[in-house]
Amino acid sequence: KNLFLSGLTAMEKQLAEYKCNTNEAIQLKLVRFPEDLEDENTTFNPEYSHQVFGDDEVAFGYKGLKILLYYIAGNLSTLFRIEYTSKVNEKFDCVEADDVESKIREIIPPGFCTNTDDFVSLLEKEVNFKPFGMLLHTYSIHNEEAGEDITYQIYKADMTCPGFREYHERLQTFLMWFIETASFIDVDDERWNYFLVFEKYNKDGATLFATVGYMTVYNYYVYPDKTRPRVSQMLILPPFQGEGHGAQLLETVHRYYMSSPTVLDITAEDPSENYVKLRDFVLVKLCQDLLCFSPVKLMQGFSQEMVTEAQQKLKINKQHTRRVYEILRLRATNMGDAEQSRSYRLDVKRRLIGPYKKKQRELAKMRRCLRPEEMTNQLNQIDLNLQREQLEETFQQLVSDYRRVLERLAQA
């Protein structure tokens, strides 16, 4: 590092000190009490800031840069301030600092506070904030720290709820910091549904509500008279992650659509790995009591009956039903028994090999045009060995994912 720096001119060295990592500079807070403002424990940082600050996630031109984005816990009224110890323009003529403020202004809606006093006086009005829309589900989770059960509620809202449009604009800014490829949705399209999670908390003897997370779902039209809801975005805010809210939310949304005769099944748009694990858990939990998933039937293999029953009763599509089947069959299988475990492995690998076989056929076609016959056979042989290894690797990975789902299910 020192060798590298000594090669730089004095000017470059000085300029290098004016770079800040934006994931560290951005400080987020969900504020319930005035004292939260000074409490470092209530601060959290983005996982991503590349969508606002570019792939390097760097802001140039400041030393000790802090980008404060504080939100009132319930209605998400915002305080936005920038602080720094020094700025590059004051010392150097030829370089300019990044316009950090306008970059943030592009994603946060207007009407934010810029000073703490205004923000604190808004905080006093927070007692009037109530959740939007229709209450779907109430649940409680025991909190070790507080030594008590905390109550949470899930609501379904839409743009006709007074104040919801503005609230949603503030809420969706969190996507930029926590979802790698986030985009804002077109709220004027009425086919969007919004599901919101709130925590109930007490302040000076009153009950208040804090925003925990949310999910947006788009209702695709399916000819002639059905819809296929597709989960688009889902975010549980960092202070609440790892407490089981994602599973509560997803299950509540599933149950909401289950009661609708026009819904075919529920899908998801470009799901993350974490979302897939969450969905596995929720769907297996919903399906485990269906008759078609009894141990005897699981051992007979994947069936049309499973597809039909999961779709009709629980609005689960075929692809997801297949995963549920594999997870439940793993639970019913004694993997210490050679015959049972071989049968399970072949069953899962038969599904996994589908795409490989297709690729194999395409390659073979291509090679017939390009190479002599004996060449092709040798190459296919190499391919097959590699394919076996990849398949085994994929299978092992799946089984360990499935086991985690089953462990979580056993604790639920």
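Since the model is a prediction, treat every value here as computed from it, not as a measurement.

1. Description of the overall build of the protein chain
So, step 1. Looking only at helices and strands, one finds 15 helices and 14 strands in the protein chain.
So, step 2. Across its three principal directions, the C-alpha atoms of the protein chain cover 70 × 65 × 45 Å.
So, step 3. In the protein chain, buried positions account for 46% of the 412 residues.
So, step 4. Restricting the contact set of the protein chain to residue pairs at least 6 apart, pairs at least 24 apart contribute 66%.

2. Let's talk about the sheet that holds strand β6 (residues 66-72)
The pairing of strands in a sheet comes from backbone hydrogen bonds and takes either a parallel or an antiparallel form.
So, step 1. The four strands lie next to each other as β3-β2-β6-β7, forming an open sheet whose pairing is mixed. Edge positions in the sheet fall to β3 (43-44) and β7 (78-83), since each of these pairs with one other strand and no more.
So, step 2. Note that strand β2 (residues 26-31) and β6 share six bridges and pair parallel. If you follow I26 over to β6, its bridge partner there is I67.
So, step 3. Of the strands in this sheet, β2, β6 and β7 touch helix α6 (residues 116-124), which is tilted by about 20° from β6.

3. What to know about the side chain of T78
So, step 1. With respect to the secondary-structure elements, T78 resides in strand β7.
So, step 2. A residue is classified by how much of its surface remains accessible, and T78, at 9% relative accessible area, is buried.
So, step 3. Reaching out from T78, the side chain makes a polar contact with the backbone oxygen of L76 at a distance of 3.0 Å.
So, step 4. With near-sequence residues (within four places) excluded, T78 lies in contact with L69, Y70, Y71, F112, C113, F119 and R170.

4. Description of the pattern of salt bridges
So, step 1. According to the stated counting rule, one finds 19 salt bridges in the structure shown.
So, step 2. Put simply, R191 and D189 hold a salt bridge, and the shortest N to O gap is 3.9 Å.
So, step 3. Judged by relative accessible area, R191 falls into the partly exposed class, the value being 39%.
So, step 4. In this structure, R322 engages E326 in a salt bridge whose closest nitrogen and oxygen atoms are separated by 2.8 Å. In this pair, R322 and E326 both sit in helix α13 (residues 318-332), four residues apart, roughly one turn of the helix.
So, step 5. Since its relative accessible area comes to 13%, R322 is described here as buried.
So, step 6. Its relative accessible area of 0% is what places E326 among the buried residues.
So, step 7. Through salt bridges that share partners, R322, E326, R329, D347 and R351 make up one connected network.

5. Thoughts on α13
So, step 1. Taking 1.5 Å of rise per residue, the 15 residues of α13 would be expected to cover 21 Å, and the 21 Å separating its terminal C-alpha atoms lies within 8% of that figure.
So, step 2. Taken across its 15 residues, α13 has eleven buried, putting it largely inside the fold.

6. Considerations on the UniProt feature "active site" (unreviewed entry) in the protein chain
So, step 1. The UniProt entry lists E269 under the feature "active site" (unreviewed entry), expressed in the numbering used here.
So, step 2. By secondary structure assignment, the location of E269 is in the loop between β14 (267-268) and α10 (273-287).
So, step 3. For E269, a relative accessible area of 37% puts it in the partly exposed group.
So, step 4. With residues up to four places along the chain from it excluded, the contact list for E269 reads R230, V231 and S232.

7. Description of helix α12 (residues 304-314)
So, step 1. Listed in full, the buried residues belonging to α12 are M306, V307, E309, A310 and L314.
So, step 2. Contact partners of the buried residues in α12: α9 (245-258), α10, α11 (295-299) and α13.
So, step 3. In the segment just after α12, K315 is the residue with positive phi, at about 60°.

8. Description of the side chain of K203
So, step 1. For K203, the position within the fold is in strand β11 (residues 192-203).
So, step 2. Nearest to the buried, unbridged K203 among oppositely charged side chains is D204, at 5.7 Å.
So, step 3. Once you skip the residues sitting within four places of it in the chain, K203 turns out to touch R32, F33, L123 and L208.

9. Notes on the sheet that holds strand β13 (residues 226-236)
So, step 1. The strand order across the open sheet built from six strands is β9-β10-β11-β12-β13-β14, with neighbouring strands paired in mixed fashion. The sheet terminates laterally at β9 (134-143) and β14, the two strands that pair on one side only.
So, step 2. Across ten bridges, the pairing between strand β12 (residues 206-222) and β13 is antiparallel. The partner of Y221 across the bridge, within β13, is T227.

10. Regarding the packing of α10 against α13
So, step 1. The N-to-C vectors of α10 and α13 enclose an angle of 75°; their axes lie 9 Å apart at closest approach. The angle between α10 and α13 places the two elements in the roughly perpendicular class. For the pair α10 and α13, the contacting residues are V276, R279, D280, L283, V284 and C287 in the first and H320, R323, V324, I327 and L328 in the second.
So, step 2. Across the contact of α10 with α13, the residue classes break down as seven nonpolar, one polar and three charged.

11. Looking at the nonpolar core
So, step 1. Judged by nonpolar contacts, the single largest core of 106 residues is most densely connected at W177 and F293.
So, step 2. With eight residues, α10 is the largest single contributor of residues to this core.
So, step 3. Each of domain 1 (14-126) and domain 2 (130-331) accounts for three or more of the residues forming this core.
So, step 4. Among residues more than four places away in sequence, those in contact with W177 are I26, L28, P46, E47, Y48, S49, V52, L69, I104 and I107.
So, step 5. Counting residues in each nonpolar core, the second largest holds nine residues, with L68, Y70, I72 and F119 among its members.

What counts and what doesn't
- Residues numbered from 1 in each chain as written.
- Predicted model: local features only at pLDDT ≥ 70, side-chain atom pairs only at ≥ 80, totals over all residues.
- Heavy atoms only, no water.
- Helix = DSSP H or I, 4+ residues; strand = E, 2+ residues; numbered from the N terminus.
- Buried < 20%, exposed > 50% of the residue type's maximum accessible area, 1.4 Å probe, protein only.
- Contact = heavy atoms within 4.5 Å.
- Pairing = 2+ DSSP bridges.
- Axes fitted to C-alpha atoms, helices over the stretch in contact; angles between N-to-C directions.
- Polar contact = N/O pair within 3.5 Å; in protein donor to acceptor, adjacent residues only side chain to side chain.
- Salt bridge = Lys/Arg side-chain N within 4 Å of Asp/Glu carboxyl O.
- Expected span 1.5 Å × (residues − 1).
- UniProt positions renumbered as here; feature names shortened; annotations may be inferred.
- Lys, Arg positive; Asp, Glu negative; His and termini not counted.
- Parallel < 35°, antiparallel > 145°, perpendicular 65-115°, else oblique.
- Nonpolar A, V, L, I, M, F, W, Y, C, P; charged D, E, K, R; others polar.
- Core = buried A, V, L, I, M, F, W, Y, C linked by side-chain atoms within 4.5 Å.
- Domains from an automatic or database assignment.

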